[in-house]
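Chains, contacts and geometry: an overview
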Amino acid sequence: MLVVTAIGIVANEQKTKAWSVAKELVRLLEEKKVGVHIDHVVASHIGRQELALPIDKFHEVVDIIFVLGGDGTLIGLAREIAPYQIPILGINLGNLGFLSESEPEDLPHAVDRILSGEYCVEDRMMLHTEVIRKNKHIHEAVALNDVGIAKGSFGRMIKCSVYVDDLYVATYNGDGLIISTPTGSTAYSLSAGGPIVVPYINAILLTPVAPHSLTARPLVLPANEEIHVVIDATHNDLGLTIDGQLGYPLEVDDEIVIRRSPHITSLIKWKERSFFEVVRKKLQGENG
């Protein structure tokens, strides 16, 4: 059991409910004599500047981070703290909240459960990606959900030649490719027809986007294999996306290399709540 002496709080400033929830969370934690550190944006909004700490310093003092927002807020934080493996508890202020484990109305219960150790931690694999242009490594990033390779708004398709550990797999003509983790299997990959993969399987998914072929199907690959994608097109409206949040322009003949990252994201989950229950409730609309 992790002894929790200090908790960090991060919030999405675009969520109107974030400040009232942050205030209540600070109050609950201070009542329990737990150290509280909050990012500067939250601190200024709730008038607690004395608790402000840059997020890149959280790893020095906090044991757990509470994230107030939707999945996008949590995913962005996961990339920022990737080297430090700090457990994250998501408090859902968004719509779907697939990665979040608690709701604002459950704050007192959530705090009690965290402090009494009534939770488990799921280690979610991440992806490391590099862009190679004319034999030079020009860009790299880490992703929790997925890496997207796509044409932009231009109408013509992109051609992606895929190799796995130097073995040629296929060339996909269409709108692009999504390379995702099991965590990302319920995000962009799912909307493109990819499979749902339980998060405790270490695998890499390759999902074609709008392929111009009836035989192009998603692939599930071992997590220890390295994927190389060489792109071609008759235009230059090409791009790389990381978790759908960060973008980087690509050029014809660029090579994108994706492999399992040495970093992981540690998500706090309640022990009695299974992945299949989350899928039923969040994706299938089941109420029971």
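Residues numbered from 1 in each chain as written. Predicted model: local features only at pLDDT ≥ 70, side-chain atom pairs only at ≥ 80, totals over all residues. Heavy atoms only, no water.

1. Topic: unusual backbone geometry
Positive phi values are uncommon outside glycine, yet Asp166 reaches one of about 75 degrees. With respect to the helices and strands, the residue Asp166 is situated in the loop between strand 8 (158–164) and strand 9 (167–174). Non-glycine residue Asp253 carries a positive phi angle of around 75 degrees. Mapping Asp253 onto the fold places it in the loop between strand 15 (246–250) and strand 16 (255–269). (Helix = DSSP H or I, 4+ residues; strand = E, 2+ residues; numbered from the N terminus.)

2. Topic: the UniProt feature "active site" (unreviewed entry) in the protein
When the UniProt feature table is mapped onto this chain numbering, "active site" (unreviewed entry) sits at Asp71. Its location among the elements puts Asp71 in helix 4 (residues 71–80). The exposure class assigned to Asp71 is buried, which follows from its relative accessible area of 16%. The contacts of Asp71, once residues within four sequence positions are left out, are Gly97, Phe98, Leu99 and Ser100. (UniProt positions renumbered as here; feature names shortened; annotations may be inferred. Buried < 20%, exposed > 50% of the residue type's maximum accessible area, 1.4 Å probe, protein only. Contact = heavy atoms within 4.5 Å.)

3. Structural notes on the nonpolar core
Ranked by size, the top nonpolar core spans 32 residues in total, and within it Ile38, Phe66, Leu68 and Ile114 carry the most contacts. Only strand 1 (6–11), helix 1 (18–31), strand 2 (35–38), helix 2 (40–46), strand 3 (64–69), strand 4 (88–92) and helix 5 (107–116) provide two or more residues apiece to this core. Counting residues per element, this core draws most heavily on helix 1, which supplies eight residues. For Ile114, the residues in contact, after removing those within four places along its chain, are Val4, Ile7, Ile64, Phe66, Leu89, Tyr119, Ile268 and Trp270. (Core = buried A, V, L, I, M, F, W, Y, C linked by side-chain atoms within 4.5 Å.)

4. Some remarks on the environment of Leu89
When you line up the elements, Leu89 lands in strand 4. For the pair formed by Leu89 and Ile9, sequence separation is 80 residues and the distance between their alpha carbons is 9.7 Å. Apart from the residues lying within four places of it in its own chain, the contact partners of Leu89 are Ile65, Phe66, Val67, Glu101, Ala110, Ile114, Ile268 and Trp270.

5. Things to note about the pattern of salt bridges
The tally for this structure, following the rule as stated, stands at 13 salt bridges. Of the charged contacts in the structure, one is a salt bridge between Lys32 and Asp112, with a shortest N-O distance of 3.1 Å. In this pair, Lys32 is assigned in the loop between helix 1 and strand 2 and Asp112 in helix 5, connecting sequence segments 80 residues apart. Judged by relative accessible area, which is 43%, Lys32 ranks as partly exposed. Asp112 gets classed as partly exposed once you look at its relative accessible area, which sits at 36%. As a salt-bridge pair, Glu122 and Arg124 come within 2.7 Å of each other at their nearest N and O atoms. Glu122 gets classed as partly exposed once you look at its relative accessible area, which sits at 25%. Within the structure, one salt-bridge network assembled from shared partners comprises Glu24, Arg27 and Glu31. (Salt bridge = Lys/Arg side-chain N within 4 Å of Asp/Glu carboxyl O.)

6. Overview of the side chain of Asp63
Mapped onto the elements of the fold, Asp63 is located in the loop between helix 3 (58–61) and strand 3. In this structure Asp63 is buried but unpaired, with Lys32 as the nearest side chain of opposite charge at 16 Å. Of the polar contacts made by the side chain of Asp63, one reaches the backbone nitrogen of Thr5; its length is 2.7 Å. Residue contacts for Asp63: discarding those within four places in its chain leaves Leu2, Val3, Val4, Thr5, Ala6, Ile86 and Pro87. (Lys, Arg positive; Asp, Glu negative; His and termini not counted. Polar contact = N/O pair within 3.5 Å; in protein donor to acceptor, adjacent residues only side chain to side chain.)

7. Quick notes on the domain arrangement of the protein
The domain architecture assigned to the protein consists of domain 1 (6–119 + 270–284) and domain 2 (127–262). Relative to domain 2, the C-alpha centre of domain 1 lies at a distance of 30 Å. Listed per partner, the contact involves 13 residues of domain 1 and 16 residues of domain 2. A buried area of about 1,000 Å², summed over both sides, lies between domain 1 and domain 2, and 74% of it is on carbon and sulfur atoms. Among the residues of domain 1 in contact with domain 2, Ile75, Arg79 and Phe275 are the three that bury the most area, contributing 55% of the side total. (Domains from an automatic or database assignment. Buried area = accessible area lost by both parts, 1.4 Å probe.)

8. Considering the packing of helix 1 against helix 5
Relative orientation of the contacting elements helix 1 and helix 5 amounts to 40 degrees, with a least axis distance of 10 Å. In this view, helix 1 runs oblique relative to helix 5, as classed from their interaxial angle. The way helix 1 lies across helix 5 gives a crossing that is right-handed. Here Val21, Glu24, Leu25, Leu28 and Leu29 of helix 1 come into contact with helix 5, specifically with Leu107, Pro108 and Val111. For the contact of helix 1 with helix 5, the class distribution of residues is seven nonpolar, no polar and one charged. (Axes fitted to C-alpha atoms, helices over the stretch in contact; angles between N-to-C directions. Parallel < 35°, antiparallel > 145°, perpendicular 65-115°, else oblique. Left-handed = near helix turned anticlockwise from the far one by under 90°. Nonpolar A, V, L, I, M, F, W, Y, C, P; charged D, E, K, R; others polar.)

9. Some words on the side chain of Thr186
Along the chain, the position of Thr186 falls in the loop between strand 10 (176–180) and helix 6 (188–191). Engagement of the side chain of Thr186 in a polar contact is seen with the backbone oxygen of Thr183, the distance being 3.3 Å. In contact with Thr186, not counting residues within four places along its chain, are Phe98, Ile196, Phe275 and Leu283.

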